[in-house]
Structures are given as structure tokens and as C-alpha cells.
Amino acid sequence: MTLLEVEDVRRTFGGIVALDGVTFDVTAGETHVVMGANGAGKTTLFNCITGYYRPDSGTVRYRGEDITGMRADRTARLGIRRTFQEVDVFDELTVAENISLASFETQPREIMARLDLIEIHDKYGDELTLFERKRVALALVTDGDLLLLDEVFSGVNPSEKPAMLGYLEELARDHTLVLIEHDIETAFELADRMVVLDQGRVLAHGSPGEIRTDETVQEQYLGEMAI
Ligand SMILES: Nc1ncnc2c1ncn2[C@@H]1O[C@H](COP(=O)(O)OP(=O)(O)O)[C@@H](O)[C@H]1O
Ligand SMILES: [Mg+2]
């Protein structure tokens with residue numbers, strides 16, 4: 001089943017065309033990776049899906065319903081949740097308090113257990129390592145069905161990377177994930193399908209195998225990284 005459809009979405013900021021006719025879709029249950037260089041439009045795409053920004057034109061559908069331009073609090077209620085590049089955890093609240101602020105249908109304790117947060121439940125936000133903050137930020141969105149995760153690995157210590165992969169795989173068991181991921185190796189490891197953005201346009205969309213062998217991607221994106 002198609003969960004999310006993005007069709008011909010365009011978004012400009014003054015003279016900058018951040019998204020230039022982006023079309024792709026996300027199937028329920030899959031892990032979909034969004035790749036692209038800095039400034040390619042990845043975060044703007046998330047903002048247009050979740051309603052933080054309204055597209056200039058084009059359509060966003062969720063479970064077949066047109067949600068184009070719907071406000072972020074309403075898309076969240078429909079089950080679309082996102083994390084931010086800058087981790088948003090309250091410094092002056094403990095882990096448990098941060099998590100209790102989100103309204104969950106499931107028990108907060110169960111969510112904390114899945115992300116190994118129980119042992120640090122009474123640590124304050126400003127005492128957490130970046131990796132711990134990222135796990136709290138993930139916990140805060142687990143109530144959604146479609147999770148849009150913006151650069152979850154950035155700033156994460158290489159030694160913590162396998163654990164982070166494990167948390168994402170754990171979340172992928174009962175969520176549909178769309179991940180913005182810079183690191184090519186990680187992207188290919190996690191993705192069921194991928195979309196590659198280049199200057200606001202879709203360069204390629206398909207399975208990791210298709211992306212790996214796509215000539216345009218090879219030339220314009222993977223070439224210098226010699227995959
Ligand atoms: N709020 C904004 N105001 C002006 N320009 C923006 C804004 N958000 C994004 N842009 C521009 O749109 C382009 C795409 O940005 P972004 O979506 O953040 O890229 P990415 O996340 O792929 O690095 C960039 O040129 C960026 O400067
Ligand atoms: Mg970004």
C-alpha cells in the first residue's frame with residue numbers, strides 16, 4: 001500500500017528553487033532513504049510533507065488523502081512525525097519528563113525500553129550526550145506511523161553507529177521510515193528504496209540496486225565517492 005505520495009512539489013524561497021517538481025512515493029512498512037548533497041532540498045521536502053512549509057504547487061497525499069499545506073499539528077495527528085537536524089530536547093527536563101510531554105498511546109516505559117533510555121530516565125536534557133539526545137528525540141516521535149528522520153547519524157560517534165542502526169531497525173519493525181542520510185554506506189545498508197535529490201530535482205528513485213547502477217547517479221553523485 002502506498003502511504004505517502006509526493007507529486008510535482010515545487011517550493012521556492014525568493015529566487016531560490018529549493019524543490020523543483022519533486023515526485024516520489026513511500027510504501028507502508030518500508031524504509032525509504034532521501035540522499036543528496038547539502039542544499040539539495042532534503043529538509044525542505046520534509047517541511048513540505050509535514051506542513052511546516054506550504055508547497056508553491058504540487059500535491060502531498062497521505063493514505064490517499066490530500067494533505068497539501070495542512071498544518072504541522074494536524075499532519076502530526078494523522079500520524080506523520082519528524083525529527084529535526086537540530087535535536088529538540090528540553091535541557092531543564094529529565095529524559096522521563098521530556099517523554100511524558102509527548103502524548104502516547106503506548107506506555108512511555110515501553111518506548112524508553114526500546115531506545116535504552118530507562119537507565120538514564122532521570123538525567124536532565126543538558127546532561128545527555130548527543131547520542132542520548134538523539135535517542136530521546138526518536139522516542140518522542142515513535143507514536144507516529146510515518147517517521148521522517150533528518151540526519152539521525154550526524155554528530156553520532158562512529159563507535160555508536162552500530163547501536164543507532166539497531167535502534168532504527170527496531171523502529172522499522174512497526175513504522176514506515178523516511179531517513180535523510182548523507183553517509184552512502186549507511187543509506188545503502190538501511191534502505192528498501194531510495195530517492196536521490198539534486199538541486200531540488202529527483203535524480204533517481206528506486207531500489208538500492210537500481211540506484212547503485214543508475215548512470216546519472218553514478219556520474220553526478222556517486223562518482224566521486226566510488227561506491
Ligand atoms: N527558510 C528558508 N529560507 C530561505 N532559503 C531556504 C530556506 N530553507 C531552505 N532554503 C534554501 O533551499 C535550499 C535547500 O535547502 P535544504 O532543504 O535545507 O537542503 P538540504 O536539507 O538538502 O541540505 C538551499 O539553497 C537553502 O538555502
Ligand atoms: Mg537538511
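Cut-offs and rules
Residues numbered from 1 in each chain as written. Chains lettered and ligands numbered in written order. Predicted model: local features only at pLDDT ≥ 70, side-chain atom pairs only at ≥ 80, totals over all residues. Heavy atoms only, no water. Helix = DSSP H or I, 4+ residues; strand = E, 2+ residues; numbered from the N terminus. Rg over C-alpha atoms; globule rule 2.2 N^0.38 Å. Buried < 20%, exposed > 50% of the residue type's maximum accessible area, 1.4 Å probe, protein only. Areas by Shrake-Rupley, 256 points an atom, 1.4 Å probe, with all protein chains shown as cover. Core = buried A, V, L, I, M, F, W, Y, C linked by side-chain atoms within 4.5 Å. Pairing = 2+ DSSP bridges. Contact = heavy atoms within 4.5 Å. Axes fitted to C-alpha atoms, helices over the stretch in contact; angles between N-to-C directions. Donors = N, O, S within 2.8 Å, 3.2 Å for Na, K, Ca; no water. Expected span 1.5 Å × (residues − 1). Arc of directions from axis to C-beta.

Draft legend 1. Geometry of the overall build of the chain. Scanning the chain for helices and strands turns up nine helices and 10 strands. The C-alpha atoms of the chain give a radius of gyration of 17 Å, which matches the 17 Å a tight globule of 227 residues would have. Along the three orthogonal principal directions, the C-alpha set of the chain runs to about 50 × 40 × 35 Å. For the chain, the proportion of its 227 residues judged to be buried stands at 50%. Carbon and sulfur atoms provide 45% of the accessible area of the chain, an area that totals close to 10600 Å².

Draft legend 2. Just the nonpolar core, in detail. If you look at the biggest cluster of nonpolar residues, it comprises 45 residues, and the most contacted ones within it are Met35, Leu117 and Leu149. If one sorts the elements of this core by residue count, helix 5 (residues 130–141) sits on top with seven residues. If you look at the next biggest cluster of nonpolar residues, it comprises 25 residues, including Val22, Leu45, Ile67 and Leu197.

Draft legend 3. Focus on the sheet that holds strand 2 (residues 16–27). Taken together, the four strands give an open sheet; going across it, the order is 2-1-4-5, and neighbouring strands pair in antiparallel fashion. Looking along the sheet, the strands with just one partner apiece sit at the ends: strand 2 and strand 5 (65–66). In terms of strand pairing, strand 4 (residues 57–62) meets strand 5 through two bridges, oriented antiparallel. Paired with arginine 61 across the bridge in strand 5 is aspartate 66. Here helix 1 (residues 42–50) sits on the sheet and contacts strand 1 (2–13), strand 2 and strand 4; the angle it forms with strand 1, its principal contact strand, is near 115°.

Draft legend 4. Main features of the coordination of the magnesium ion (ligand 2). Each protein donor to the magnesium ion (ligand 2) is listed here as Thr43 (OG1) and Gln85 (OE1); together their distances run 2.1 to 2.5 Å. Taken together, the positions of threonine 43 in helix 1 and glutamine 85 in the loop between strand 6 (80–82) and helix 3 (95–101) put the pair 42 residues apart, joining distant regions of the chain. By relative accessible area, which is 35% here, glutamine 85 ends up partly exposed.

Draft legend 5. Summary view of helix 6 (residues 161–172). With 12 residues, helix 6 should reach 16 Å at 1.5 Å per residue; the first-to-last C-alpha distance of 16 Å fits that figure. Among the residues making up helix 6, those that are buried are Met164, Leu165, Tyr167, Leu168 and Leu171. One side of helix 6 carries all its buried residues, which in axial view fall inside an arc of 160°. Against the buried residues of helix 6 lie helix 4 (108–114), helix 5, strand 7 (146–150), strand 8 (176–180) and helix 7 (184–190).

Draft legend 6. Expanded view of the side chain of threonine 31. Among the secondary structure elements, threonine 31 is positioned in strand 3 (residues 31–35). When neighbours within four sequence positions are excluded, threonine 31 is seen to be in contact with Ala172, Leu177, Leu179, Leu190, Ala191, Asp192 and Arg193.

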